[in-house]
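# Understanding the architecture of this molecule
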Amino acid sequence: MGITLYGPVENGISYKSNQIKTSPDANTKFMNSYLPKSNLSSSIEDSFLNWYYKSHTNHSSYQTLSHGGNSLKSLFSEFLMSNQNAQVQLKQLTQNEKSHFKLIDRNVAINLSRQIQYNQGSNTSYHVKGKGIAAIASHISPATLPGNFPKSTGEYVMVTVNYFSISWWYPGPWYAPWQGYWGQLNYGEQDNYNILWFGSLAQTNYNNLEFYFTIGGLLGGAAVSGIAGYLTAGAIGGSWGGPIGVIAGAIVGVAIGLTLYQITNAITITYESTYANEPSGQKYMWIYMQNDYYYPWITVVGTFASSIGWYGHLSNGNSCTIWPNIAWGAYGGLTGVTISAYFSSYTNYITNNYGQNVWISA
């Protein structure tokens with residue numbers, strides 16, 4: 001397993017991450033040999049450093065760069081606003097990251113589906129390589145599953161937090177920049193909030209979801225209260241840093257602008273794959289909300305917009321889109337990035353208190 005460390009604080013949120021953090025010592029050699037940077041990441045970093053050294057030459061400014069932190073973030077945003085090519089590259093890097101995260105999520109889904117259907121437990125770990133980190137992306141084994149899982153009727157929650165990041169060289173002091181170290185610059189995260197229902201509870205919640213996404217369910221408030229209930233998930237739900245009703249309302253507000261038939265059809269496809277078509281005692285339904293949260297210091301550039309989508313996992317490990325991640329504006333007096341920040345605070349709360357990629361009985 002990876003080494004669990006407390007990561008940096010973003011917007012007042014401190015989180016844990018299963019990462020091997022680099023330091024200015026022998027780890028540098030390890031990072032360079034085991035975790036090569038992507039070409040895009042290298043190009044962005046090189047362009048930034050060339051820009052920086054040309055426009056910031058005094059020792060004080062150089063020192064803020066070597067120490068990272070908010071000064072570096074401010075400088076990087078300034079750089080992006082002046083370099084359209086870097087914006088394009090960062091967008092492409094982000095898309096590459098999303099594709100990589102999707103592949104990892106699919107491996108997780110296949111692993112769990114096999115456990116449920118064939119009782120084939122696995123201790124396989126999936127490692128993320130690159131970006132200057134070594135992260136345990138998932139480690140699902142029978143030992144991580146709650147008691148009586150998955151035969152009993154019940155609800156389980158699992159969160160996964162993956163970070164959008166650039167491999168980064170943090171130079172040493174201005175008089176000896178070569179004494180620096182490789183690290184990473186996180187500019188956002190993708191939070192997956194998984195909900196798993198077994199037995200009759202899967203049937204009940206399928207029926208509820210089908211009702212929520214009708215005109216009556218949306219306009220009558222049933223969808224808002226129902227989604228709020230899914231998010232708070234029993235005992236683990238008292239940790240929201242924001243108004244849960246407004247956040248659930250914002251999610252429903254996105255759905256109102258979509259074709260309801262497509263939403264309910266996707267929910268049915270998810271349900272039929274893992275409930276109607278499974279043997280007795282192995283019936284389940286697995287849905288997840290995905291929060292693409294780009295930190296405010298990067299969103300001021302106008303390059304990114306935070307969003308939340310909703311998906312279902314099928315029995316073969318593929319995913320079904322209930323609705324895709326759609327960038328949103330303000331809702332209920334909150335901006336889209338604020339809503340995503342609240343969602344992030346919740347998933348990171350669960351990670352800090354229960355761990356990630358671990359099923360929790362809700």
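Remember, predicted model here, so these are calculated numbers, not experimental data. (Residues numbered from 1 in each chain as written. Predicted model: local features only at pLDDT ≥ 70, side-chain atom pairs only at ≥ 80, totals over all residues. Heavy atoms only, no water.)

### With respect to the overall build of the chain
For the chain, the count of helices and strands is 12 helices and 10 strands. Once local pairs closer than 6 in sequence are excluded, the contacts in the chain between residues at least 24 apart make up 71%. For the chain, the computed accessible surface area is about 15,000 Å², with 53% contributed by carbon and sulfur atoms. (Helix = DSSP H or I, 4+ residues; strand = E, 2+ residues; numbered from the N terminus. Contact = heavy atoms within 4.5 Å. Areas by Shrake-Rupley, 256 points an atom, 1.4 Å probe, with all protein chains shown as cover.)

### Thoughts on the nonpolar core
Residues Tyr 193, Leu 209, Phe 213, Ile 227, Met 285, Trp 310 and Trp 323 are the most contacted members of the largest nonpolar core, which totals 45 residues. With residues near it in sequence (within four places) discarded, Ile 227 still touches Phe 213, Ala 248, Ile 251, Val 252, Met 289 and Trp 310. Counting 30 residues, the second largest nonpolar core, distinct from the first, contains Phe 76, Ala 86, Leu 90 and Tyr 293. (Core = buried A, V, L, I, M, F, W, Y, C linked by side-chain atoms within 4.5 Å. Buried < 20%, exposed > 50% of the residue type's maximum accessible area, 1.4 Å probe, protein only.)

### Some words on the confidence of the model for the chain
Model confidence for the chain is summarised by a mean pLDDT of 73, while 72% of its residues fall at 70 or above. The weakest mean pLDDT in the chain belongs to helix α1 (residues 27-34) at 28; the strongest belongs to strand β7 (residues 284-294) at 93. Within the model, the stretch residues 1-37 combines pLDDT values under 50 with 92 contacts to residues more than four positions away or in other chains. Low pLDDT, under 50, characterises residues 120-142; the stretch is placed with 81 contacts to residues that sit more than four places away or in other chains. (pLDDT = per-residue confidence, 0-100.)

### A look at empty space enclosed by the protein
Where empty space is left can be seen by rolling a probe of water-molecule size over the atoms. Following the criterion strictly, the structure yields 3 cavities of 30 Å³ or more and no others. By volume, the second largest cavity is sized at about 70 Å³. Together, Asp 105, Val 108, Met 158, Thr 160, Asn 192, Asn 194, Trp 286, Tyr 288, His 313 and Asn 357 line the second largest cavity. Elements supplying a minimum of two residues to the lining of the second largest cavity: α5 (84-118), β5 (154-170), β6 (181-198) and β7. Classifying every residue of the lining of the second largest cavity by side-chain character gives 4 nonpolar, 5 polar and 1 charged. (1 Å grid on protein atoms, 1.4 Å probe; cavity = no way out; pocket = protein on both sides within 12 Å on 5 of 7 lines; lining within 4 Å. Points joined across faces, edges and corners; volume = space filled by probe spheres on them. Nonpolar A, V, L, I, M, F, W, Y, C, P; charged D, E, K, R; others polar.)

### Some words on the packing of helix α6 (residues 200-212) against helix α10 (residues 260-276)
The description of two packed helices rests on the angle between their axes and on the distance between the axes. In contact at an axis separation of 10 Å, α6 and α10 are set at 170 degrees when each is read in the N-to-C sense. The orientation of α6 with respect to α10, classified from their angle, is roughly antiparallel. Here α6 contributes Ser 200, Ala 202, Gln 203, Tyr 206, Leu 209 and Glu 210 to the contact with α10, which in turn contributes Thr 264, Ile 267, Thr 268, Tyr 271 and Tyr 275. Among the residues making up the contact of α6 with α10, the classes are represented as 6 nonpolar, 4 polar and 1 charged. (Axes fitted to C-alpha atoms, helices over the stretch in contact; angles between N-to-C directions. Parallel < 35°, antiparallel > 145°, perpendicular 65-115°, else oblique.)

### Quick notes on the layout of surface pockets
Quantified by volume, the second largest pocket comes out at close to 270 Å³. For the second largest pocket, the lining is made up of 14 residues, of which Lys 98, Lys 102, Gln 190, Gln 290 and Tyr 311 are closest to its centre. Put simply, the parts of the chain that give the lining of the second largest pocket at least two residues each are α5, β7 and β9 (319-327). Along the lines of polarity and charge, the residues of the lining of the second largest pocket split into 3 nonpolar, 7 polar and 4 charged.

### Quick notes on the sheet that holds β6
Pairing within the open sheet is antiparallel, and its 6 strands lie in the order β9-β8-β7-β6-β5-β10. Because the sheet does not close on itself, it has two edges, and the strands there are β9 and β10 (360-361). Pairing analysis gives 2 bridges linking β5 to β10, with the strands arranged antiparallel. Considered in β10, the bridge of Val 157 is made with Ile 360. (Pairing = 2+ DSSP bridges.)

### Some remarks on the pairing of β9
For strand β8 (residues 307-313) and β9, the ladder comprises 6 bridges, and the chain directions are antiparallel. Considered in β9, the bridge of Ser 307 is made with Ala 327. Linking two consecutive strands that pair antiparallel, namely β8 and β9, is a turn of 5 residues; a positive phi of about 95 degrees is found at Gly 317 within it.

### A look at the packing of aromatic side chains
This structure, assessed with the given rule, holds 26 aromatic pairs. Here the aromatic rings of Trp 286 and Trp 359 are separated by 5.5 Å at their centres, their planes lie at 75 degrees, and the arrangement is edge-to-face. In this pair, Trp 286 sits in strand β7 while Trp 359 sits in the loop between α12 (336-354) and β10, placing the two residues 73 residues apart along the sequence. Note on Trp 286: relative accessible area 1%, which makes it buried. Centre to centre, the rings of Tyr 294 and Phe 304 are 4.8 Å apart; their planes meet at 25 degrees, and the pair counts as stacked. With Tyr 294 in strand β7 and Phe 304 in the loop between α11 (296-299) and β8, the pair connects residues that are 10 residues apart, well separated along the chain. Through a chain of ring-to-ring contacts, the aromatic side chains of Phe 48, Trp 51, Tyr 52, Phe 76, Phe 79 and Trp 297 assemble into a single cluster. When the ring centre of Tyr 275 is taken as origin, the NZ or CZ atom of Lys 283, which lies over that ring, is 5.3 Å away. (Phe/Tyr/Trp six-rings, centres within 6.5 Å; stacked < 30°, edge-to-face > 60°. Lys NZ or Arg CZ within 6 Å of the ring centre and 35° of its normal.)

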